[in-house]
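Residues per chain are reported as follows:
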Amino acid sequence: MARGAGALIARTTALALAALTLGPVAAVLWRAGGGMPGAADLAALRFTVLQAVLSALASVICAIPLARALARRRFPGRALAISALGAPFLLPVIVAVLGLLAIFGRSGIFNTALRDLGLPQISIFGLGGVVLAHVFLNMPLATRMILQGWQAIPAERIRLAESLGFGPAHILRHIELPMLRDVVPGAALAVFAICLTSFAVVLVLGGGPAATTVELAIYQAVRFEFDLARAATLALMQVAACGVALALAAAFTLPSGFGAGLDRGQVLPRPGGWCRLADAAAITLAALFIGGPILSVVLRGLPGLADLPGAVWPALGNSLLVAVLAAPMAVGGALALAMGRAQGLRGLEPLAMLPMAGSALVLGTGLFLLVFPFVSPAAVALPVTVIVTAVMALPFAYRILVPEALRLVQDHGRLAAALDLRGFAALRLLILPRLRRPLGFALGLTAALAVGDLGVVALFAAENGATLPLVIQRLMGAYRMDAAAGAALLLVGAAFALFWICDQWGRGGTDT
Amino acid sequence: MLKSLMFAAGFLSISALAAQAETPVLDVYTYDSFISEWGPGPAIEQAFEAECGCDLRFTAAGDGAALLARLQLEGVDSPADILLGLDTNLTAAARATGLFAPHGQTPALSLPVDFADADFLPYDWGWFAFVHNRNLLAPKNFKDLAASDLQIVIQDPRSSTPGLGLLMWVKAAYGDEASTIWKNLADNIVTVTPGWSEAYGMFTEGEADMVLSYTTSPAYHLIAEEDDTKTAALFDEGHYLQVEVMGKLAGSDQSELADKFLAFMLTDAAQTVLPVTNWMYPAHTPAAGLPKGFETLIQPGKSLLLGADEALALRDPALEEWRAALAR
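All values reported here derive from a predicted model rather than from experimental measurement.

Student: Requested: an account of the environment of B:Ile189, with residues and values cited.
Tutor: Its place among the elements puts B:Ile189 in strand 7 (residues 189-193). Residue classification places B:Ile189 among the partly exposed residues on the basis of 17 C-beta atoms within 10 Å. Excluding anything up to four places from it in sequence, B:Ile189 contacts A:Gly208, B:Ile152, B:Ile154 and B:Leu326.

Written out as C-alpha cells, the structure reads:
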C-alpha cells in the first residue's frame, strides 16, 4: 500500500519537518560550535524529566476514568463538556497559572475554605504545584485522545461480549484494556513531550531555583550569556530525552486488533450501582477541577472587556489569520504522515514528534540566523509565523490521527487495495469520511493552539504584526492587568470558538 | 516583449521616484513595552519626526537582555542605528561586543549618583523596591524582611533584568554576607517568576504581600488608576538603581541622525513623556518638574549602583550564591 502520491507526500512532509526543526539547531551549532553540558545542566535535565514523567503519568491516570465515564454515560450538556475539554490547553500559560492560583493559591478559594474550616493550608508552589498545573493543562487532552479509543471500539465486539454474558470485569479485560494498551502510551508520550519543554509553568509554580528546567537553562544561555553553543547542546539534550520517551512508548503500545465493524451506533454497557456513582464522581470532580480555574479566568476578564485598548483588535486579526493558515497545513501534514505510517512507511513517527521536543527559543534563534543574512526578519514575519506554528502544532494533530489511521488501514486497507482505490479518490471516499472525527478535533486543536501561540517567532515580530498573546504580554508589562485579563478572555473566546467550530464539524452533529 | 519593457520602464520610474522622495530612516532597537501604544514610543516618535525630517523606525525585542542577544545575533550587519533599553548590568557585555560607538555628549543629568559612560547615555532610571499595600507594616531592610513572615515574589535573575537587579542590590548592600541574607530570605519567597509581569500580576492578585518592582510603581496606580493603596518599602541599607541607557552603533549609516536622537531623548520633549509612560524617573528633570503624584513616592536616602565592569564580574558568583541558597 505504501506507494504512489500518498507516500511521496508523507516522505516530503517528514523531510520538511526534519529540516525545519533540526535545521535551526544546526544553524546555531554552526555559528557557535559544540559545547558540553555542565553539572548544573544535568541537574536541570534530571528535574525536567522527573516533572515531565510525573505530569504525564498523573495526566493519563486521571484521564482514563474520566474518558471511560464520558464514553459510557449520557447526560445533559455532555457534548459541550467534551468540547470544553479543549479549553485549558488553549489558555496562554500565564493566564492558566493565574486561574489556578485563584483556586489553589494562597488567597484562593481552596485555601480560604481550608482556613475557614480551621484546617492547615496547602501550598501550590513546588513539584506538586508544577504537576498539578500540568495535569490541569494536559489531562483534558489525554482524555480526548483516550475517549477516541473507546469510541472506536466496534459495536459488534461489545454485542458479542454481551451475548457471551461478559460482565464489566470481563469487558474490561478483553476489550477495554487492549484498547488502552493501544492508545494510552501515545497520549502519555504527548503529555510528556509538552511538559518537557514547559517553561513558565515550572518557573512560576516551581518556587525557586530547585525547579530549574532545561528550557530555562537555554533561555539563560541565549539571553544573558549569549552562549549559543551551550543553548544548542541543551536543545539536543531535550530532543534526546524525547527520543527515549518515544522508544518507550512504542515498546508499550500494542495494537488492539478488534477488526472492522459495521459502524453501528455504539452502545457501551452502562453498569449501575457503584460503577454509576464512580462515573458520576469522575465527571463531577473533573468539571470542578477544570471548570474552576476557567471560570475564574472568565470572571477576572469580564471587567476588562469593556475598555480593551485599540491594539487588541488588529492583534486578534493577526492571530486568527495565522490560525486559519497554519491549522490546515499542520493537519494536512499530519494526515499524510499518519496515513504513511499506517501503510507501513518506516521512520515517520520520530520525525512527526520531533517538533514537540524542540526548544522554542533555539528554533526561533536558528531560524533568525538562517533568514537574517538574506532578508529583513520583519518582512517575512507572517510566513515564518505561519510555518513555525504549523510545524509546532503538527505533532498534536499527528498523535490524534495516527491511532485512527492505523485502524482505518487495518479494517479497510485490503478492500481499498482490492478496489484499487487510491490517491484523491481514496482521500475523498475513504479517508476523509472515516477520519472526520479526529480530523475535526485535530483541526480545532491546532487552530486554537495557533491563536494562543507565542515565543518561537518573537524575534520576527514586525511593527504592526503583533499577535494577541504578544499584546497581552505587553499589557501586563505596562501594569495594565485588568486590560490584560480582558484581552486574555478574548483570546480564550476566539481560540475556543475556532476549536468548537472544527470539533463540531468533525463530530458531524452526532452525540459521540 | 513590449509588455515586459513597459513593466521595466514603470518599475524604474517608480524606483526613481522612491529614491527621490526617500527620507532617511533611523532604526532604533528597543524593548517591547517601549513601543506599545501605552509606552513612550508613539509620543517620542511623533515629537522626533516633527523636527528631524526623518522616519524613526522602532524594532522591539523582548526586554533588555533579549535586545542585546538580538544585536549579537545580527552582529556587524545589524541595520540598527541606536540600541535603547539596556541597563547597567548589561552595558559591560554590550561594550565587549565592540559594536558600539562613543556618544561624545555631555548632557546635564539628574541621577542620584554620578554617572559617566563614554558609550552609553541614560534616558531614565528608577530605584528597585518592594511594592506592597499601604496597610502592611513594611520591613525596614532585608534582615527585617528575612525575620518576618511576609511572603514576597521575586524575578529570576537568569531570565529577567529586575531579578538581576535584586541580585546586585543584595550584593552591593551586603557583600560577602549576601549568601546568608538569601538563605534567610528563602522562606519568605513564594516563588521566582521568569519576568516582571508575572510577579507583578501575582502580587496584584493577592498571592504575595510584596513584589520586587520600583519605587515609582505606586505612581502608576495613583496617576493612571487613581488608586493610592500601593506604596513601596523604604530600606535603610539603600536602594539599588536601574539606570536605563541607550547607545549608538558603530556601524550606523545615519550617524549624524543617531547623535541627534540621543540628544533629543534628553530634551524636555522626551523627558516629560517617560515618567507617565515608562513609569521611571527622567534622566534629566524637565523644567516643568515631575508629574503630580511623584511627590508622594518614597525617597531612598542612599542609592546603590555597581559599576558596569564590577556588575559583570560579580554576576556569575552572585548567581551561584543565589542558586545555592535558594535550592532547598
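Student: Please give an account of the interface of chain B and chain A that cites residues and values.
Tutor: The partner chain A presents 43 residues to the 42 residues of chain B that form the contact. Residue composition of the side of chain B that touches chain A, by class: 17 nonpolar, 14 polar and 11 charged.

Student: So what's going on with helix 20 (residues 468-477) of chain A? Residues and values would help.
Tutor: Residues spaced three or four apart along an α-helix point in a common direction, a consequence of the helix completing one turn every 3.6 residues. Of all 10 residues in helix 20 of chain A, 10 are buried, a share of seventy percent or more. Contacts made by the buried residues of helix 20 of chain A are with helix 14 (312-342), helix 19 (436-452) and helix 21 (481-507) of chain A together with helix 2 (32-35) and helix 9 (196-204) of chain B. Backbone geometry just after helix 20 of chain A places A:Tyr479 at a positive phi near 70°.

Student: Describe the domain arrangement of chain B, and please don't skip the residues or the numbers.
Tutor: Residue and element names in this part refer to chain B. Assigned domains of chain B: these are domain 1 (14-125 + 243-296) and domain 2 (126-241 + 297-326). Once you take the C-alpha centre of each, domain 1 and domain 2 turn out to be 26 Å apart. Contact with domain 1, which involves 21 residues of that partner, is made by 20 residues of domain 2. Among the elements of the structure, helix 4 (64-74) and helix 5 (91-96) are those that each provide at least two residues to the side of domain 1 that touches domain 2. Element by element, the count of residues in the side of domain 1 that touches domain 2 is highest for helix 5, at 3 residues. For the side of domain 1 that touches domain 2, the residue count by class is 13 nonpolar, 6 polar and 2 charged.

Student: Can you explain the pairing of strand 1 (residues 25-30) of chain B? Please cite residues and give values.
Tutor: Residues and elements named next belong to chain B. By the criterion of burial, strand 1 is predominantly enclosed, with 5 of the 6 residues buried. Strand direction decides the pairing type here: strand 1 and strand 3 (residues 82-87), joined by 3 bridges, are parallel. Each bridged residue has a counterpart across the sheet, and for Thr30 the counterpart in strand 3 is Leu84.

Student: Hey, could you go over the packing of helix 9 (residues 168-196) of chain A against helix 15 (residues 348-357) of chain A for me, with residue numbers and the actual values?
Tutor: All names here are of chain A. Between helix 9 and helix 15, the shortest axis-to-axis distance is 8 Å and the interhelical angle comes to 35°. Of helix 15, the residues touching helix 9 (which contributes Ala193, Ile194 and Leu196) are Met353, Met356 and Ala357. By residue class, the composition of the contact of helix 9 with helix 15 is 6 nonpolar, no polar and no charged.

Student: Tell me about the environment of B:Asp77, and please be specific about residues and values.
Tutor: Here B:Asp77 shows up in the loop between helix 4 and strand 3. It is 47 Å that separates the C-alpha atoms of B:Asp77 and B:Gln151, two residues lying 74 residues apart in sequence.

Student: Report on the confidence of the model for chain A, specifying residues and quantitative values.
Tutor: Of all residues in chain A, 93% have pLDDT values of 70 or greater, and the mean over the chain is 83. Ranking the helices and strands of chain A by mean pLDDT puts helix 2 (residues 39-72) of chain A first, with 91, and helix 18 (residues 423-434) of chain A last, with 75.

Student: Talk me through the environment of A:Arg144; I want residue IDs and the actual numbers.
Tutor: All names here are of chain A. Mapped onto the elements of the fold, Arg144 is located in helix 7 (residues 127-151). Classification of Arg144 by C-beta neighbours within 10 Å gives buried; the count is 23. When the C-alpha positions of Arg144 and Ile400 are compared, they lie 8.9 Å apart, and in sequence the two are 256 residues distant. In this view, Arg144 contacts Leu85 and Phe441; residues no more than four positions away in its chain are not counted.

Student: Describe the packing of helix 2 of chain A against helix 7 of chain A, and please don't skip the residues or the numbers.
Tutor: Packed helices, taken two at a time, are described by the angle between their axes plus the distance between the axes. Residue and element names in this part refer to chain A. One way to put it is that helix 2 packs onto helix 7 with a least axis distance of 6 Å and a crossing angle of 40°. When the axes of helix 2 and helix 7 are compared, the pair comes out oblique. In the crossing of helix 2 with helix 7, the sense of the turn from one axis to the other is right-handed. Each residue belonging to the contact of helix 2 with helix 7 can be placed in one class, and the counts come to 19 nonpolar, 7 polar and 1 charged.

Reading the values: the criteria
Residues numbered from 1 in each chain as written. Chains lettered and ligands numbered in written order. Predicted model: local features only at pLDDT ≥ 70, side-chain atom pairs only at ≥ 80, totals over all residues. Helix = DSSP H or I, 4+ residues; strand = E, 2+ residues; numbered from the N terminus. Buried ≥ 20, exposed ≤ 12 C-beta atoms within 10 Å, placed from the backbone. Contact = placed C-beta atoms within 7 Å. Nonpolar A, V, L, I, M, F, W, Y, C, P; charged D, E, K, R; others polar. Domains from an automatic or database assignment. Pairing = 2+ DSSP bridges. Axes fitted to C-alpha atoms, helices over the stretch in contact; angles between N-to-C directions. pLDDT = per-residue confidence, 0-100. Parallel < 35°, antiparallel > 145°, perpendicular 65-115°, else oblique. Left-handed = near helix turned anticlockwise from the far one by under 90°.

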